[in-house]
Amino acid sequence: MSSVSQRSVVKIMGVLNVTPNSFSDGGKYIDVDQAVERALRMIEEGADWIDVGGESSRPYAEPAPLEVELARVLPVITRLAACTTTPISIDTFKPEVMQAACGAGASMINDIYALRQPGALDMAAALKVPVVLMHMQHDPHTMQNNPHYTDVVAEVEAFFVERIQACLAAGIKHEQLILDPGFGFGKTAAHNCALLKQLKKYTSYQEKRALPILVGLSRKSLIGDLLGLPMSERLHPSVALAVYAVLQGARYVRTHDVLATRRAVDMVCAVEAERV
Ligand code: 8Y7
């Protein structure tokens with residue numbers, strides 16, 4: 001594969017699900033060898049981070065017990081850390097998994113609960129790694145039961161402010177934090193669109209407070225809601241959504257389709273970087 005000479009400043013996070021019931025990959029990558037192989041392929045395709053998750057967070061998913069989650073993610077992280085320098089993030093909200101994953105070689109926490117589970121703030125402070133604070137209304141089991149906001153953009157912003165304060169109070173450094181509006185997590189299509197169309201609100205906030213924004217839009221239900229496309233046909237709309245977010249200042253993109261997303265994002269960033 002030819003590589004692009006100038007990789008953009010936008011970081012691409014490749015999704016590695018190690019769950020038998022995962023939302024988008026249908027559990028194809030549960031085997032450790034296969035998971036590592038898939039991760040290495042995403043790295044070749046231009047991933048800057050590999051996001052390893054052992055508990056499905058799709059709507060209505062049943063929680064995985066701690067031991068199950070550890071047994072899924074640790075062998076993959078250990079093997080992957082031994083064969084690549086590309087950083088690994090751990091997609092979890094359990095402090096025990098954060099600790100074990102970072103011990104095995106992970107160096108970022110991606111938490112859909114934004115460190116709201118007991119012990120998570122202290123664990124992230126102790127581990128001193130970057131943390132993605134994602135917004136979610138309710139929890140994966142109940143979030144899509146009639147999500148409601150008076151003003152979704154303002155409420156997500158208030159959530160960010162509250163979580164940043166909680167993190168700082170726990171001793172987490174401002175530079176460790178990355179914010180994520182949590183597309184699809186307790187949101188209708190209208191809520192997702194409002195957040196996406198007004199993403200600049202958070203990325204300009206980012207200029208004031210220097211906090212980068214991560215977006216996860218890859219294959220999400222917004223595409224099904226607006227275009228009626230099934231999971232297997234969401235690649236091109238996902239790339240369009242990633243580009244849309246990047247043009248509004250998003251600095252991290254979480255995706256299942258690294259090559260297409262990398263190329264699209266690099267292309268628009270290259271044009272943006274041209275002095276004309
Ligand atoms: C997101 C995420 C998922 C997201 C962050 C899926 C774990 C559902 N989505 N983490 N995780 N942001 N930070 O479609 O949007 O991949 S799971």
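Owing to the predicted nature of the structure, the values given are computational and were not obtained by experimental measurement.

Another aspect to go through is the packing of helix α5 (residues 152-169) against helix α6 (residues 189-197). In helix packing, the relevant descriptors are the interaxial angle and the interaxial distance, both defined with respect to the helix axes. Relative orientation of the contacting elements α5 and α6 amounts to 70°, with a least axis distance of 9 Å. In this view, α5 runs roughly perpendicular relative to α6, as classed from their interaxial angle. Taken as a pair, α5 and α6 cross one another with a handedness that is right-handed. Residues V152, V153 and V156 of α5 pack against H191, A194 and L195 of α6. Taken together, the residues of the contact of α5 with α6 sort by class into 5 nonpolar, 1 polar and no charged.

Attention now goes to helix α9 (residues 235-247). Helix length check: α9 (13 residues) gives 19 Å between terminal C-alpha atoms against 18 Å at 1.5 Å per residue, within 8%. In this fold, the buried residues of α9 make contact with α6, β7 (214-216), α8 (221-227), β8 (252-255) and α10 (258-273). Where α9 terminates, the next one or two residues include G249, which has phi positive at roughly 105°.

What follows is about the pattern of salt bridges. Where charged atoms from two side chains of opposite charge approach closely, those side chains can pair. Taken as a whole, this structure holds 12 salt bridges when the rule is applied. Note that E55 and K94 form a salt bridge whose closest N and O atoms lie 2.9 Å from each other. Residue E55 is located in the loop between β2 (49-53) and α2 (66-83), and its partner K94 is located in the loop between β3 (88-91) and α3 (95-104); the two are separated by 39 residues in the primary sequence. This pair shows no difference in class: E55 is buried, exactly as K94 is.

Rules and cut-offs
- Residues numbered from 1 in each chain as written.
- Predicted model: local features only at pLDDT ≥ 70, side-chain atom pairs only at ≥ 80, totals over all residues.
- Heavy atoms only, no water.
- Axes fitted to C-alpha atoms, helices over the stretch in contact; angles between N-to-C directions.
- Helix = DSSP H or I, 4+ residues; strand = E, 2+ residues; numbered from the N terminus.
- Parallel < 35°, antiparallel > 145°, perpendicular 65-115°, else oblique.
- Left-handed = near helix turned anticlockwise from the far one by under 90°.
- Contact = heavy atoms within 4.5 Å.
- Nonpolar A, V, L, I, M, F, W, Y, C, P; charged D, E, K, R; others polar.
- Expected span 1.5 Å × (residues − 1).
- Salt bridge = Lys/Arg side-chain N within 4 Å of Asp/Glu carboxyl O.
- Buried < 20%, exposed > 50% of the residue type's maximum accessible area, 1.4 Å probe, protein only.

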